[in-house]
Amino acid sequence: MGALLSVVVPIYNVRDYLVDCLDSIAGQTYPDLDVVLVDDGSTDDSGELAERYAAANDRFRYVRQPNRGLGAARNTGIDAAAGDYLTFVDSDDLLPPYALELLVGALEQTGSDFASGNVALLTSRGLRQSPLHRGTHRFTALRTNLRTQRNLVYDRLACNKVFRRSFWDRHGLRFPEGVRYEDIPLTVPAYALADRVDVLDLPVYYWRQREPGAELSITQRQHEVQNLVDRFAAVDSASRSLGGLDRKLKDWYDETTLVNDLRIFLDLLPDVDQTYRERFVDLAADFLSRVDERVLDRLVARLRVAWRLARARALPELVEVVAASRLGANPPVVRRGAGRYVELPLLDAGHPAVPRRAFQAGPGVRTEVHEARWVDGRLQLRGLAYDVARGAAQPWASARVFWLREATGRRRVLRLPSRPRRVAEEAGSVPYGWSGFSTVLDPRRLRGRDGWRAGDWVFNIALVNSGGPQRRTLGLGEARPALPARWVDDGVRIVPFPHRAGLRLRVERPKAWATSTRIEGGTLLVAGRAVTRPAAATLRLARTTGVFWRSYPVETSPAGPALPGVASGGPESTALVAADPVATGSDGGSDGGSDGGSDGAEAGVPWTARIPLADLVSGAGLAGWSVLVGEVGSGWRVAFADGEGVAPELPVRAGFIGSRQVVGEVEVVAQPADDEVLSLRVLPPGPVVSAAELTDNALLIGGGLPSGQPGGGDLWLVLRRPSGADPSEVPPPDIELPTEVSAGWRVRIPLAGPEAVPDGDWLLLYRWGAASDPLDLPFDIAARRSLPRDAGFAGRRLELLPDRERELLRLSEV
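Presented here is an overview of the structure given in this document. Predicted, not measured: the structure shown is a model, and the values here were computed from it.

A few points about the sheet that holds strand E16 (residues 418–421)
Hydrogen bonds along the backbone pair up the strands of a sheet, which may run parallel or antiparallel.
Okay, so step 1: Taken together, the four strands give an open sheet; going across it, the order is E12-E13-E17-E16, and neighbouring strands pair in antiparallel fashion. Bordering the open sheet on either side are strand E12 (365–375) and E16, each of which pairs with just one other strand. The sheet shows a mean angle of 25 degrees between the axes of neighbouring strands, direction not considered.
Okay, so step 2: With six bridges joining them, strand E13 (residues 378–387) and strand E17 (residues 436–441) adopt antiparallel strand pairing. Across the sheet, the residue bridging to leucine 379 is leucine 441, located in E17.

In structure tokens form, the structure reads like this:
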């Protein structure tokens, strides 16, 4: 038995959602649970449902109290909790099957005070990334803290965390009672109090967004005055708590609330009545009286102006400024000296509430990387880079300089060629039509005079225009581009990878690699080669970077010819693949791999490892779980750990033989990820895209099917609009296209003519027959590398944007 985790579930009038919530907790792959159900005086039959559920499951307990509010119900559950760890689940939300196992596993491995996972918003059309957590949880960071990663103050939700109970009790943490937004006054100080926290990039919490016809949640009642009052009270409480702990953290938190939490209410001012407006400026003026002036100076110009007007209670001018800014265009500007100053309606630049410096548009470079692709042995990058204030109206509007800097060692600098690209204009008064860029890297330039040296390189960019040079690391922006790796020489891989500071390259010299997989009976066999005979090596499986799930021993065979100090690179010969004991089977197909260098047969030390399929199937937790659109699903990246405790991720080589096989109600897939690291996934059996082509006024996609077509019925491609930020918005209906099915499947997506798919963003889904729910359509690595990422076609622009294992189709006018 592992450490006991207490799960506190407050319940109040949620009969339509409660059973699904409790089922998602009961179905967790982490078994050692103490679930405390606190009925906070429900007036529907939620209490009866909860009581019956607890009676049928000995891991659940039922507690009832008179209605006292969410904070009080959580505190009641805390007092009754018996676990070594503590977490919270609101009774209308869901947990993915692996959530609690991942969070507890991280804490058991790191000893941190609490762990926090990513969050997805749950709608009737599927899941989408929570905007609040997009930046904070983009990457896994173990043993970090608020002083190291300041943007964690945006992570104000309590339910995406598991706390160590000893940390909770040591600091006397309690939820405030009798107010809304109970999470903020607790989670923000908790981050400041924690010495170490684990931040995980995988979604661990599905946060339901109430839709038309349903009762609105608290966070959706922004137009209510009481909601306004409670939000100000929550952020003020958190700010005061931070002020008593660390003044720098308080200033950073105050800045984020003015940009995020309170800006939501600021933007409502043109739409609400005078009573709401007057209450807003009273609350804002009080809060801003405790905000450092330098915090206001760090805001963008429109917010610098708006919050100073709020502090001065200049309500008519404030409403005008917000209305102008909310239209998507900056207010009119005029040049005065070397700077730019905003000239606003009803507001002269000499207004006593707003110093002149507040009108000056601050410098800023925004970058996004949309595509990384290897072409003719060179790495090509495409994306956006522009001055936020000045835009890019012409290709000569600003000069862009790209370079790579070695992060360690000699710190060499390599200048990169670049070209401007025209892209779609953004709305607003600042033109961005020439903000696109393309640059290219010949990887041979990374090799030093003494040969290849392992290490990281940092991409940098400088914009030079009339405002002077501005430089920064090349950030990825909101995009999640596929970042393919490549073997470029004997035993050398080049791996682009995301970093909090921006895009980086890693030169790797792997000591081991995978050559093939095969499913035999109830076992997944993995075979590969190593530079030297490893001692007590294991394969380690991790759902996210650094949080290991299970390990499996590696067995070695007699070595082939010795290698010159490193594993040689390039395509595996047929002899090498066939020599591996796993590769002699006939049920695998090539799942991609690299194409650099050359390899001699029998090079290196052969090894094999055996992974029971039952472990993967049970670890996925999909039994009885209805997979949702947008769900990441259960998967693991594979690392090769030597006897010294070092566990780098396991790359694959060219000619790698992957596996996919239906096991009961799921399909187990072993194939490389975009960066050519061996990955294992457990999915509902279904189609996979392995080829895509632009032809005949259409996009053709197709691929393979699992044996027996377990879904039954006809196979349909479903195009669905993603859910938007506004839950009240009614999306257009799905577009359904029939597929041609024989040995495999294919479908034609029309891009021209009367049946052409309309402009906009479209999720690519599939479903079996008329009655089944759609599921995400996965793409294998070969398809992802050959997709037309950004193409002009029939007077339209087509983009395919990667999002983990799926793709988003974006269509627009050229």
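Quick word on helix H1 (residues 18–26)
Okay, so step 1: Among the residues of H1, Leu18, Cys21, Leu22, Ser24 and Ile25 are the ones counted as buried. Seen along its axis, H1 keeps its buried residues to an arc of 155 degrees; they face one direction.
Okay, so step 2: Lining the buried residues of H1 we find strand E1 (5–11), strand E2 (33–40), helix H2 (46–56) and strand E3 (60–65).

Structural notes on the packing of aromatic side chains
Okay, so step 1: Tallying each qualifying case throughout the model produces 13 aromatic pairs.
Okay, so step 2: Ring centres of phenylalanine 114 and phenylalanine 167 lie 6.0 Å apart, and the angle between their planes is 45 degrees; this geometry places the pair in the tilted category. Here phenylalanine 167 lies in helix H6 (residues 165–170) and phenylalanine 114 lies in strand E5 (residues 114–123), a separation of 53 residues in the sequence.
Okay, so step 3: Given a relative accessible area of 0%, phenylalanine 167 falls into the buried group.
Okay, so step 4: When the centroid spacing of 5.2 Å and the interplanar angle of 50 degrees are considered together, the rings of tryptophan 607 and phenylalanine 640 count as tilted. Here tryptophan 607 is found in strand E28 (residues 605–612), whereas its partner phenylalanine 640 is found in strand E29 (residues 634–641), with 33 residues between them in sequence.
Okay, so step 5: A residue is classified by how much of its surface remains accessible, and tryptophan 607, at 1% relative accessible area, is buried.
Okay, so step 6: Between the NZ or CZ atom of arginine 231 and the centre of the ring of tyrosine 181, over which it lies, the distance is 4.4 Å.
Okay, so step 7: Taking the ring centre of tryptophan 513 as reference, the NZ or CZ of arginine 653 above it sits at 5.3 Å.

Regarding the pattern of salt bridges
Okay, so step 1: A complete count under the given rule lists 53 salt bridges for this structure.
Okay, so step 2: Several salt bridges share partner residues, and in doing so they unite Asp236, Arg240, Asp286 and Arg290 into one network.

Considering empty space enclosed by the protein
Okay, so step 1: Following the criterion strictly, the structure yields two cavities of 30 Å³ or more and no others.
Okay, so step 2: What the largest cavity holds in volume is close to 80 Å³.
Okay, so step 3: Lining the largest cavity are His370, Glu371, Arg382, Arg421, Arg789, Asp790, Glu799, Leu800 and Leu801.
Okay, so step 4: Counting only elements with at least two residues in the lining of the largest cavity, the list comes to E12 and strand E42 (796–803).
Okay, so step 5: Ranked by residues supplied to the lining of the largest cavity, first place goes to E42 with three residues.
Okay, so step 6: Residue classes in the lining of the largest cavity are distributed as two nonpolar, one polar and six charged.

What counts as what
- Residues numbered from 1 in each chain as written.
- Predicted model: local features only at pLDDT ≥ 70, side-chain atom pairs only at ≥ 80, totals over all residues.
- Heavy atoms only, no water.
- Pairing = 2+ DSSP bridges.
- Helix = DSSP H or I, 4+ residues; strand = E, 2+ residues; numbered from the N terminus.
- Axes fitted to C-alpha atoms, helices over the stretch in contact; angles between N-to-C directions.
- Buried < 20%, exposed > 50% of the residue type's maximum accessible area, 1.4 Å probe, protein only.
- Arc of directions from axis to C-beta.
- Contact = heavy atoms within 4.5 Å.
- Phe/Tyr/Trp six-rings, centres within 6.5 Å; stacked < 30°, edge-to-face > 60°.
- Lys NZ or Arg CZ within 6 Å of the ring centre and 35° of its normal.
- Salt bridge = Lys/Arg side-chain N within 4 Å of Asp/Glu carboxyl O.
- 1 Å grid on protein atoms, 1.4 Å probe; cavity = no way out; pocket = protein on both sides within 12 Å on 5 of 7 lines; lining within 4 Å.
- Points joined across faces, edges and corners; volume = space filled by probe spheres on them.
- Nonpolar A, V, L, I, M, F, W, Y, C, P; charged D, E, K, R; others polar.

The analysis is restricted to geometry; functional conclusions fall outside its scope.
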